[in-house]
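Report on the structure
Spelled out from the first residue to the last, the chains are:
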Amino acid sequence: MWSLMELVPLYSLPLILGAAFLLIKWYNSTSPNTSKKLPPSPPRLPLIGNLHQLKGTVHEAFLSAAKRYGDPNGLMLVYIGTIPSLVVSTTEAAREILKTHDIAFADRPATRMFKAISYNLKDSTITPYGEHWRQVKSILTLHLLSNKTVHSFEAMRRRIIAGYLSEINQCFLSNKPLDLTSMAFSITNDITCMAAFGRTYNDGEIGRKFKKLMKEISEMLATFYFEDSIPQLAVVDILRGVRSKVDWVVRTLDEFLTGAVEERLSKTNPDPVAPEDGFKPFIEVLLKIQKEDNLGITVDTEVLKALLLDAYIAATDTTASVLQWVMTEFLVNPDIMKKAQDEVRRVLNGKEDITSEDLDKMTYLKAVIMESTRLHPPLPILLPRIARQDVNLMGYDIAKDTRVYVNVYSIMRDPNVWDQPEKFLPERFLGESSIDFIKHNFELLPFGAGRRACPGRIYSMAIDEMTLATFLYKFEWSLPQGVKPEDVDMEGTFGLANHKKVPLLVVGKPVDELIGIDHRLVGDFVREFGVAHDLGSVSSAPDGGFMCQITTTPSPVARSSEDSAASVRSVEPSSLSDLPAERVKKNQNHKQK
Ligand code: HEM
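Basis of the calculations
Residues numbered from 1 in each chain as written. Predicted model: local features only at pLDDT ≥ 70, side-chain atom pairs only at ≥ 80, totals over all residues. Heavy atoms only, no water. Donors = N, O, S within 2.8 Å, 3.2 Å for Na, K, Ca; no water. Helix = DSSP H or I, 4+ residues; strand = E, 2+ residues; numbered from the N terminus. Pairing = 2+ DSSP bridges. Contact = heavy atoms within 4.5 Å. Axes fitted to C-alpha atoms, helices over the stretch in contact; angles between N-to-C directions. Near = heavy atom within 4 Å. Polar contact = N/O pair within 3.5 Å; in protein donor to acceptor, adjacent residues only side chain to side chain. Nonpolar A, V, L, I, M, F, W, Y, C, P; charged D, E, K, R; others polar. Core = buried A, V, L, I, M, F, W, Y, C linked by side-chain atoms within 4.5 Å. Buried < 20%, exposed > 50% of the residue type's maximum accessible area, 1.4 Å probe, protein only. Parallel < 35°, antiparallel > 145°, perpendicular 65-115°, else oblique. Left-handed = near helix turned anticlockwise from the far one by under 90°. Salt bridge = Lys/Arg side-chain N within 4 Å of Asp/Glu carboxyl O. pLDDT = per-residue confidence, 0-100. Expected span 1.5 Å × (residues − 1).

Turning our eyes to something else, we now look at the coordination of the iron atom of the ligand. Six octahedrally arranged donors around a metal ideally form angles of 90 or 180 degrees; four tetrahedrally arranged donors ideally form angles of 109.5 degrees. On the protein, C454 (SG) is the one donor atom to the iron atom of the ligand, at 2.3 Å. Note on placement: C454 falls in the loop between α20 (408-411) and α21 (457-474).

The following block contains the structure:
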């Protein structure tokens, strides 16, 4: 995030000095009114408020300032430039904001950039609380994010994920590490484009333009705007060129969305939804609602484009963020990865296709995802809220228009709530634990809570769970040669969501996709020789079956003093053709593919 010296180029310093007289006026007008009881604040400077104290990422800066200056209940008032902003850092305070006073804090700040990107507040994310918000959020929820609709995307999700497996194989065969950060984004991007637009934007000129545009949007959303925080210095945005950049991005985005709608209307879509996928893309549903006009809401073209954009922007980076952080935690905690992998393989037991029913049984994988999201929330601070009226909150007077930042990063690492909060312990979500993304007591909040909570949980978890289960099922994952778990950089950076600052590079060694082995066949070896340790290369056996080399570690029951001296046995070459005919046949089918 921004630091002050990056924000204030030298040529704008005279402007700042020139604004000094405004500053005095402003400072007097915003100095605490003695009749009001405000939450504690760090000392601030005129005009820039506490900006100079917010170094590093904003959630970390808020956390350390709250420890030093905040109220023990978790409230602190900071000035982001001239804007009073309430920072919320505990479960108790979050409950007050998101439950007790939910309606009073149900608006979001309508900054210039947010207005520009939402067709002047026609979307569902930024639009003020009220009838329009209720209607558009219900359209989004029902036709894109509900259980039933998410289920209808299942075959498409599986097909898209499967398409990426050969890329992982290729990297493995050519001895190149795989950039999993980039792949996570491509997978969630393709799935979301299919669900929203009924096509992907990967290839050719349009693919290149789309990627560039998405990068620009991400940068635009992470930019600091003087106009939003120090309105007296809004001119600096013009001088820095950021305002024209926003205008350019918004114009280009609109051209893109207009093109997508026209393409749908004229049915010239070059990548139609495969009939076997059997779902209706969101764009088609919106066009139908627009045509039938019987919902009591006018879905004009701007509402339609704003909702498509909502669907795309809110879904892609957040869902990719979860994927890459879970994989990162797996690679730095190989024992946990092994446990999750055992679960996936046990549940699937040789099945080819993963279904949502299979995923429902993977409780350990779900616990890993929750634990990873606790430590690496895609949005470490909930989307900002704003007080719609004066509110008395935990004994403090919060004025109308105060911005509210719920720092879920603090809450989800609070030692008063979590045992060993910095440790990666998925087990904390198993057994007695009644905490999950739905049943929580405001301590696990990656999706927010209350009226303005995220409606996309089911949608994103369906993608993350299926991708992770597929990855664990089909590959053995490791860090590139010479990289140790403790070398992995765990720093996050912010664009549309919290991503790894340094891309995650990994090696995915195919288990059966490439070599054509059915897990049940491996199971027979495991039973005979102990716990399978490693699979070697596979070749065709003269009888049409397969031969492979499996290194095994004897199981504890089989271990004798003689065995333990040679604790690793080699079986080479082992013909699988002795196995039941039906399995061998399946294996041969595999091979022909
Ligand atoms: C792992 C994935 C995701 C995370 C962590 C996430 C997180 C969040 C958070 C923290 C908020 C603000 C909640 C609040 O203010 O209390 C939010 C709002 C929202 N999210 Fe998500 N989100 C994710 C995926 C999605 C997806 C897939 C969609 C689908 C389009 C989506 C759509 C929205 C919308 C529309 C809002 C605004 C809701 C409102 O203001 O009423 N999100 N999300």
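There is more to say, and it comes next.
All right, on to the sheet that holds strand β2 (residues 83-88) then. Pairing between the strands of a sheet is mediated by backbone hydrogen bonds and can be parallel or antiparallel. If you walk across this open sheet you meet the four strands as β1-β2-β7-β4, and the pairing is mixed. In this open sheet, the two edge strands, each paired with only one partner strand, are β1 (75-80) and β4 (385-386). Pairing between β2 and strand β7 (residues 403-406): four bridges, direction parallel. Within β7, the residue paired with S85 across the bridge is R403. Contacting β1, β2, β4 and β7, helix α5 (residues 91-100) crosses the sheet at an angle of about 120° to β2.

The next subject is the sheet that holds strand β8 (residues 475-478). Pairing in this open sheet of three strands is antiparallel, and the strands run β3-β11-β8 from one edge to the other. Edge positions in the sheet fall to β3 (178-179) and β8, since each has one partner strand and no second. Both β8 and strand β11 (residues 505-510) contribute to a ladder of four bridges, which runs antiparallel. Among the inter-strand pairings, E476 is bridged to a residue of β11, identified as K509. In this fold α21 packs onto β8 and β11, with an angle of close to 95° to the strand it touches most, β8.

R108, W133, R385, R452 and C454 are the nearest of the 28 residues found near the ligand. For the ligand, an oxygen atom lies 3.4 Å from a polar atom in the backbone of A449. Counting only elements with at least two residues in the shell around the ligand, the list comes to α7 (131-145), α16 (301-332) and α21. Among the elements that make up the shell around the ligand, the one with the highest residue count is α16 (five residues). Counted by class, the shell around the ligand contains 18 nonpolar, six polar and four charged residues.

So, on to the nonpolar core. Core analysis: the largest hydrophobic core is formed by 134 residues, its most contacted members being F197, L308, F330, Y459 and W477. In terms of residue count, α16 provides more of this core than any other element does, 18 residues in total. Counting 20 residues, the second largest nonpolar core, distinct from the first, contains A61, A66, V78 and I80.

Interhelical geometry of helix α9 (residues 154-173) versus helix α10 (residues 180-197) gives an angle of 150° and a closest axis separation of 10 Å. On the basis of their axis angle, the class for α9 and α10 is roughly antiparallel. The way α9 lies across α10 gives a crossing that is right-handed. Contacts between α9 and α10 involve M156, R157, R159, I160, I161, Y164, E167 and I168 from the former and M183, S186, I187, D190, I191, M194 and A195 from the latter.

Bringing unusual backbone geometry into the picture now. With a phi close to 55°, N120 is a non-glycine residue in the positive phi region. Unlike most non-glycine residues, F442 shows phi in positive territory, near 70°. With respect to the helices, strands and loops of the structure, F442 is situated in the loop between α20 and α21.

Further remarks concern the pattern of salt bridges. Inspection of every chain in the model, using the stated rule, returns 32 salt bridges. The residue E263 makes a salt bridge to R199 at a minimum N-O spacing of 2.9 Å. Taken together, the positions of E263 in helix α14 (residues 242-266) and R199 in the loop between α10 and α11 (204-221) put the pair 64 residues apart, joining distant regions of the chain. For E263, a relative accessible area of 17% gives the class buried. A relative accessible area of 6% places R199 in the buried class. Sharing partners across several salt bridges, the network here consists of K212, K215, E216, E219 and K245.

This next bit is on the confidence of the model for the chain. Of the residues in the chain, 79% have a pLDDT of 70 or more, and the chain-wide mean is 84. Every residue in residues 1-13 is under pLDDT 50, and counting partners more than four places away or in other chains gives 24 contacts. Low confidence marks residues 513-520, where pLDDT is under 50. Its contacts with residues over four positions away, or in another chain, come to 29 contacts. On the interface metric, ipTM, the complex scores 0.99, and its pTM is 0.83.

Across its 18 residues, α11 extends 26 Å between first and last C-alpha, which sits within 8% of the 26 Å expected from 1.5 Å per residue. Where α11 is concerned, the buried positions are G207, F210, L213, M214, E216, I217, S218 and M220. In this structure, the buried residues of α11 make contact with α6 (112-117), α10, α14 and α16.

Moving on, we get to α10. Over its 18 residues, α10 runs 25 Å from end to end, which matches the ideal 26 Å to within 8%, given 1.5 Å per residue. When you tally the buried positions in α10, you get 15 out of 18 residues, the bulk of the element. Where α10 starts, the residue carrying a side-chain oxygen 3.1 Å from the main-chain nitrogen of T181 turns out to be D179. Positive phi shows up at G198, right after α10, with a value of about 80°.

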